[in-house]
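The lines below spell out each chain.
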Amino acid sequence: MSVLRSHCRLALLFSTLSLATACPRRVPSATEALDEAVADVADGDAKARAWALAGLHTLFVTSDAGKARAQLDTAVQKDAADPWALMGQLVLADRQTRSD
């Protein structure tokens, strides 16, 4: 009987530990990466990816197409193959053709 109880306690302990470690600590916000990129480019010396994400933040969150274009252009100048910079420029071009 005591062997059964010790096995039950051990199973309960392992299941509790596995459930406790599987729970997420904090769910990041949807724009967390974009917000971090804005902070990274504040000093002006950032990588192309940070400039591209900051441009997307400016475009989608603050809706400033002119500033977003400048940030995305900076990203393309730093790395012409960055997919986020190219995608941002594509979105800007699409928005431009739809508003004309």
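Residues numbered from 1 in each chain as written. Predicted model: local features only at pLDDT ≥ 70, side-chain atom pairs only at ≥ 80, totals over all residues. Heavy atoms only, no water.

Considerations on a negative patch on the surface
Alright, step 1. On the surface, a cluster of negative charge is contributed by D35, E36, D40, D43 and D45.
Alright, step 2. Its place among the elements puts D40 in helix 2 (residues 32-41). (Patch = residues over 30% accessible without salt bridge, like charges linked within 9 Å, V, L, I, M, F, W, Y side chains within 5 Å. Areas by Shrake-Rupley, 256 points an atom, 1.4 Å probe, with all protein chains shown as cover. Salt bridge = Lys/Arg side-chain N within 4 Å of Asp/Glu carboxyl O. Lys, Arg positive; Asp, Glu negative; His and termini not counted. Charge placed at Lys NZ, Arg CZ, Asp CG, Glu CD. Helix = DSSP H or I, 4+ residues; strand = E, 2+ residues; numbered from the N terminus.)

A few points about the nonpolar core
Alright, step 1. The biggest cluster of nonpolar side chains holds 16 residues, and the ones touching the most others in it are V41, A46, W51, A52, L53 and A75.
Alright, step 2. Elements with a contribution of two residues or more to this core: helix 2, helix 3 (48-60), helix 4 (65-78) and helix 5 (83-99).
Alright, step 3. With residues up to four places along the chain from it excluded, the contact list for W51 reads V41, G44, A46, Q71, T74, A75 and K78. (Core = buried A, V, L, I, M, F, W, Y, C linked by side-chain atoms within 4.5 Å. Buried < 20%, exposed > 50% of the residue type's maximum accessible area, 1.4 Å probe, protein only. Contact = heavy atoms within 4.5 Å.)

A look at unusual backbone geometry
Alright, step 1. In this model, S63 sits at a positive phi of 60°, which is unusual for a non-glycine residue.
Alright, step 2. Structurally, S63 is set in the loop between helix 3 and helix 4.

Here's the deal with the packing of helix 3 against helix 4
Alright, step 1. Taken N-terminus to C-terminus, the directions of helix 3 and helix 4 make an angle of 165°; their axes are 8 Å apart at the nearest point. Looking at the two axes, helix 3 sits roughly antiparallel to helix 4. For the pair helix 3 and helix 4, the crossing hand works out as left-handed. Facing helix 3, whose interface residues are A48, W51, A52, A54, G55, T58 and L59, helix 4 presents A65, K67, A68, Q71, L72, T74, A75 and K78.
Alright, step 2. Taken together, the residues of the contact of helix 3 with helix 4 sort by class into 9 nonpolar, 4 polar and 2 charged. (Axes fitted to C-alpha atoms, helices over the stretch in contact; angles between N-to-C directions. Parallel < 35°, antiparallel > 145°, perpendicular 65-115°, else oblique. Left-handed = near helix turned anticlockwise from the far one by under 90°. Nonpolar A, V, L, I, M, F, W, Y, C, P; charged D, E, K, R; others polar.)

Scope: geometric values only; no functional claims are made or implied.
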